[in-house]
Structure formats: C-alpha cells, structure tokens
Amino acid sequence: MSWSGFKKAVNRAGTTVMMKTGQIEKTIDREFELEERRFRTLESAANKLQKEAKGYLDSLRSMTAAQTRIAETIDAFYGEAGVNDGVSKYYRTAVEDLDADTVKALDGPYRATVLEPIARFCSYFPDINDAIKKRNHKLLDYDAMRSKVKKLVDKPSDDVQKLPKAEKDAELAKQIYEDMNSQLVNELPQLIDLRVPYLDPSFEALVKIQLRFCTEAYTRMAQVQQYLDPSTREEYAGGFLDSRVEQVLQGMRDLSITGLSAS
C-alpha cells in the first residue's frame, strides 16, 4: 500500500468511528442497500450451487468406485461356486463397465455444461465485491467532506478560502460517489435477473446427464438379472422372495453358533 493509500485508509477508519459516535452524519441509500442484500443472497446461493455441483460429480465417482469394489469382493466371495451360473462375474463386469464407460464418458460433458458455466458465473463476484468496497470508501470520503463543510459553515475559519475549497472538494467527492453508486444500482439487478437464463442450459444438461446415468445403470443391472436363477426371479416378481430370505435367516438364528438363538 502506498503512503497516499495508507493515509486514506486511516482517514476512512477515523470517519467510521466518528459516524458510530454520531459526530458525522451517515448517508443512507435504501435503494443500494436493497440491491446489495439481493446480491448477497445470489452470491451465497451461487457459491453453494458450485460446491454442490462439484460434490455431485465426486459422489458419482465414489458411488461407482464403491460398486466396483463390492462387485470384486462378491466375485471373490463366490469363488469357484460362482462359476456355475456366472452371475457374480456378470455383475462385476456390468459394474466395471458402468464405471469405465458411463461415468468417465459423462465427466467431460458435465464439466463443460455444468461445472464450468457455474464457475464462470461465480468468477464475477470478486470484481463486484471490489466495486462495492470502493463505492463504500467513496461514500465515506463524501460524508467526511460534507461534515467538514458543515463545520466551516457553523464556525467560519479566518482563512476565507477554506470554505469554498471544502465545498468544491465535497462536490467532487459527491460526484465520484454518485457515479459509482448509480452504476452498481443499475447493474446489480441486471446480474440478478441474468441468473435464470444463464443457468437454465446447465440445469437442463444436469437433468439429461442424470437421466443417462440412471438409464445406463438400470440397463446394465437388468442384463445381470437374466443370469439369476429363474425361480428366484419368479419369487421376486411375485413378492415371495422376502419370505424365503426370512426363512433362511430364521434357520441361521436357530443355530447356536450365530449367538442369536431365541432361547
């Protein structure tokens, strides 16, 4: 920070303190305050959207990776017994293909149509925050100059040039502040209104990508089902599989080695 910048920062800090003690009157701009609150709401929502959008892709990868690991474990668990019908092998192949083909194929389109547009939208926020900060600094400068003029009017100085100079400085500070304030009041609503048409294509892409993943997952799992025992498929379709599983579990409970005997 330059010496000039340091002095300005000190003066503005002093002005803020004097405002809090009521020594300097603070300019209130309800219109700007409303637009800034709306912008803060948008900023928070957009940053959360960016975080959750990335989290969705990470979760998709984690889920398919977990599916692959459990498929490998199941295949190893069945061992030679799985060779008879091959269902554990087919399940493993289906899950590995889902991870290798579908998820990896969706990674690029998801980044291009969802993550990158959202990140680009959020990238404007630091510049906007800098503009708001600068606008607030100029407002402090203006209020400080207004206070100086008021003091010179209430208690004239022996130097007759002080009041005209202070009035000129105050007018210049007012003009700088009002120009920046007007620009923000006009442009913040435009940014807020832009959010829907800008993000609509990304939302549509997200839905289509989710649909493709779910369709691919269903199709691959449905193909595995054909390798299941026919009687098992019929029992599942008829709603009898649950009772059959319960009978097996009850038989296990009746074994003392399970430690779950009812006696």
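In what follows, the structure referred to is the one given above.
Computed from a predicted structure; not experimentally measured. (Residues numbered from 1 in each chain as written. Predicted model: local features only at pLDDT ≥ 70, side-chain atom pairs only at ≥ 80, totals over all residues. Heavy atoms only, no water.)

1. What about the environment of Ala144?
Heads up, the rule is: Put simply, DSSP marks the helices as runs of H or I at least four residues long and the strands as runs of E at least two long, and each gets a number from the N terminus on. Exposure categories follow from relative accessible area, calculated using a 1.4 Å probe and restricted to protein chains: below 20% of the type maximum is buried, above 50% is exposed, and the middle band is partly exposed.
Note that Ala144 resides in helix α4 (residues 125-154). With a relative accessible area of 25%, Ala144 lands in the partly exposed category. Each C-alpha atom, one on Ala144 and one on Lys26, is 9.0 Å from the other, the two residues being 118 residues apart in sequence.

2. Regarding the pattern of salt bridges
This is how the line gets drawn: Each salt bridge in this description consists of a side-chain nitrogen of Lys or Arg and a carboxyl oxygen of Asp or Glu lying within 4 Å of one another.
The tally for this structure, following the rule as stated, stands at 17 salt bridges. Ionic pairing is found between Asp58 and Arg61, a salt bridge with its closest N-O pair at 3.6 Å. Placement of the pair is Asp58 and Arg61 together in helix α2 (residues 30-78), with a separation of three residues, close to one helical turn. Overall, the relative accessible area of 29% leaves Asp58 in the partly exposed class. Assessed through its relative accessible area of 31%, Arg61 is described here as partly exposed. Among the ionic pairs, Arg111 bridges to Asp107, the shortest N-O distance being 3.1 Å. With Arg111 and Asp107 both in helix α3 (residues 87-122) and four residues apart, the pair spans about one turn of that helix. It is possible to trace a salt-bridge network through shared partners that takes in Lys54, Asp58, Arg61, Asp107 and Arg111.

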